[in-house]
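# Survey of secondary and tertiary structure
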Amino acid sequence: MKKVLLGMSGGVDSTVSALLLKEQGYDVTGVTMHLYNGGCCDLNSCLDAKIVCTNNGMEHVTLEYMEEFKETIIKDFIEEYQNCRTPNPCVLCNKLFKFGRMYDFAMKNGMDYIATGHYAITEFSPKYNRYVLKKAKNLDKDQTYFLYNIKKEILQNIIFPLGNFNSKDEVRQIAREHNLEVANKADSEDICFITNGNYKTFLEENSNIQPIEGNIVNKQGEILGKHTGLYKYTIGQRKGLGISYKEPLFVVGFDKEKNEVIVGTKEDIYSSEIKVSDYNLLLVDSIDEPMEVTVKTRYSKNEAKAKIVEINEDGQKLIKVVFNEPQARITPGQSAVFYLDDIVVGGGIIESMSWLF
């Protein structure tokens, strides 16, 4: 009997994943990582997951990583905002913890696979002669955008039990059929440690970031208004600027040294080219020649056609992305993920873009 270590948060997705794996004949052990006192990674989540496992004849373990989570995920989150960037902590957490620490624990303890309740698919592709990461059948729930940082060497050891479901309702129905209390449990927050949904308050209470007033200027340096902290704004933002102008204005950049928010018109939020760092390639080992792909620059955005190629810039390896058509509101610190149809090519962190000034 193959052994699986299943990441569990006490929610409906991981709970149903446990039931499905057990029905498929796997020896399932649930694991909950205690990462933060709040959200989906706290002690209550550990208890909920343990109850599910106990009631269904499965073992459960809790792994304590609070301090490491603070020194990696939360530290990076704060530093990115200090540098006028908008991070995506879930991407880094998946890399370091769910498919890092959890995978290491599984292999050290004789497991054959790890599994999570993410909506994605792993399978062997004869065409590419390797295991690939594919979009979930339910594209509305697909989470491959957050999973591109998985090491390609471990894809063969990962199972996503929910990847082939058509809808979340189907998953909840399975929970109802098993009379599970989690059947109607709300989905977890986007960022587990922002428990009240207000990242600005979190930054103010957990770092030296404070609401320091500065100027809002246009590209020519003309002062148009005042802001109360660079961290309160993001690229492409229109609302909340408090500026009366002859046409709508959007945030297009920041000058950290001058403590200025830079605004422009609608045309200025479009970018035809970006550069991506800290990238991970899954489908190929390198991209020496321009490759046609589609690119998602935020989880909530549609994919855009583009060409990508690896470059070396001042000793740093980057991926250059050139869009077929300029794209709006691309934000440094977010991830750019590359696809060939429904297969993830790879992805990385957006570093810079060429604005159409």
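Figured I'd write up the structure that's included with this text.

## Observations regarding unusual backbone geometry
- Positive phi, close to 55°, is recorded for asparagine 179, a residue that is not glycine.
- Topologically, asparagine 179 is positioned in the loop between α5 (168-177) and α6 (199-206).
- Positioned with a positive phi, arginine 329 is a non-glycine residue whose angle comes to about 55°.
- Within the fold, arginine 329 resides in the loop between β15 (316-328) and β16 (335-340).

## Structural notes on the sheet that holds strand β7 (residues 158-159)
- The strand order β3-β2-β1-β4-β7 describes an open sheet built from five strands, whose pairing is parallel. Where the open sheet ends on each side, the last strands, each with one partner, are β3 (59-64) and β7.
- Bridge analysis of strand β4 (residues 113-115) against β7 gives two bridges, and the strand direction is parallel. If you follow alanine 115 over to β7, its bridge partner there is isoleucine 159.
- Taken strand by strand, helix α4 (residues 89-108) contacts β1 (3-7), β2 (27-34), β3, β4 and β7, and its axis lies near 145° from that of β4.

## Let's talk about the packing of aromatic side chains
- For the structure shown, the criterion picks out 15 aromatic pairs.
- Pairing phenylalanine 77 with tyrosine 81 gives two aromatic rings, centres 5.2 Å apart and planes at 65°, and the pair type is edge-to-face. With phenylalanine 77 and tyrosine 81 both in helix α3 (residues 66-82), this residue pair falls four residues apart, about one helical turn. Of the two residues, phenylalanine 77 and tyrosine 81, neither departs from the other in class, the shared state being buried.

## Brief notes about the side chain of asparagine 138
- Inspection of the secondary structure assignment puts asparagine 138 in the loop between β6 (130-135) and β7.
- Filtering out sequence-adjacent residues up to four positions away, asparagine 138 remains in contact with Phe165, Asn166, Ser167 and Lys168.

## Re the pattern of salt bridges
- Scanning the model with the defined rule gives twelve salt bridges in all.
- The salt bridge involving aspartate 268 is made with lysine 219; its shortest N-O contact spans 3.1 Å. You can see aspartate 268 sitting in the loop between β11 (260-264) and β12 (270-281) and its partner lysine 219 sitting in the loop between β8 (214-217) and β9 (223-227), a full 49 residues away along the chain.
- Connected through shared salt-bridge partners, Glu80, Arg85 and Glu351 make up one network.

## Remarks on the environment of methionine 1
- Note on placement: methionine 1 falls in the segment before β1.
- You can call methionine 1 exposed: its relative accessible area is 74%.
- Taking the C-alpha atoms as reference, methionine 1 lies 15 Å from glycine 57; in sequence the two are 56 residues apart.
- Not counting residues within four places of it along the chain, the set of residues in contact with methionine 1 comprises Gly25, Tyr26, Asp27 and Asp112.

## Quick look at the pairing of strand β5 (residues 120-125)
- When β5 meets β6, the two strands line up antiparallel, connected through six bridges. Residue pairing for β6: alanine 120 is matched across the bridge by lysine 135.
- The antiparallel hairpin formed by β5 and β6 contains four residues in its connecting segment, where asparagine 129 sits at a positive phi of about 55°.

## With respect to the side chain of serine 271
- With respect to the helices, strands and loops of the structure, serine 271 is situated in strand β12.
- Since its relative accessible area comes to 0%, serine 271 is described here as buried.

## Side note on the packing of helix α1 (residues 12-23) against α5
- The interhelical angle for the contact between α1 and α5, taken along N-to-C directions, is 65°, at an axis separation of 9 Å. For the pair α1 and α5, the crossing hand works out as left-handed. For the pair α1 and α5, the contacting residues are Val12, Asp13, Val16 and Leu20 in the first and Lys168, Val171, Arg172, Ile174 and Ala175 in the second.
- Grouping the constituent residues of the contact of α1 with α5 by class yields six nonpolar, no polar and three charged.

## Some details on the sheet that holds β8
- Judged by pairing direction, the sheet is mixed, and its four strands sit side by side in the order β9-β8-β11-β10 without closing on themselves. Each edge of the open sheet is held by one strand with a lone partner, namely β9 and β10 (250-255). Adjacent strand axes in the sheet meet at a mean angle of 30° when their direction is disregarded.
- Where β10 meets β11, five bridges bridge the pair, whose relative direction is antiparallel. Bridge pairing in β11 places aspartate 255 opposite glutamate 260.

## Observations regarding α1
- The end-to-end C-alpha separation of α1 is 16 Å, in line with the 16 Å expected for twelve residues at 1.5 Å each.
- The buried fraction of α1 amounts to ten of the twelve residues, a majority that puts the element mostly inside the structure.
- Turning to α1, its buried residues number three or more, namely Val12, Asp13, Ser14, Thr15, Val16, Ser17, Ala18, Leu19, Leu20 and Leu21.
- One or two steps after α1, the chain reaches glycine 25, where phi turns positive at roughly 95°.

What counts, and at which threshold
- Residues numbered from 1 in each chain as written.
- Predicted model: local features only at pLDDT ≥ 70, side-chain atom pairs only at ≥ 80, totals over all residues.
- Heavy atoms only, no water.
- Helix = DSSP H or I, 4+ residues; strand = E, 2+ residues; numbered from the N terminus.
- Pairing = 2+ DSSP bridges.
- Contact = heavy atoms within 4.5 Å.
- Axes fitted to C-alpha atoms, helices over the stretch in contact; angles between N-to-C directions.
- Phe/Tyr/Trp six-rings, centres within 6.5 Å; stacked < 30°, edge-to-face > 60°.
- Buried < 20%, exposed > 50% of the residue type's maximum accessible area, 1.4 Å probe, protein only.
- Salt bridge = Lys/Arg side-chain N within 4 Å of Asp/Glu carboxyl O.
- Left-handed = near helix turned anticlockwise from the far one by under 90°.
- Nonpolar A, V, L, I, M, F, W, Y, C, P; charged D, E, K, R; others polar.
- Expected span 1.5 Å × (residues − 1).

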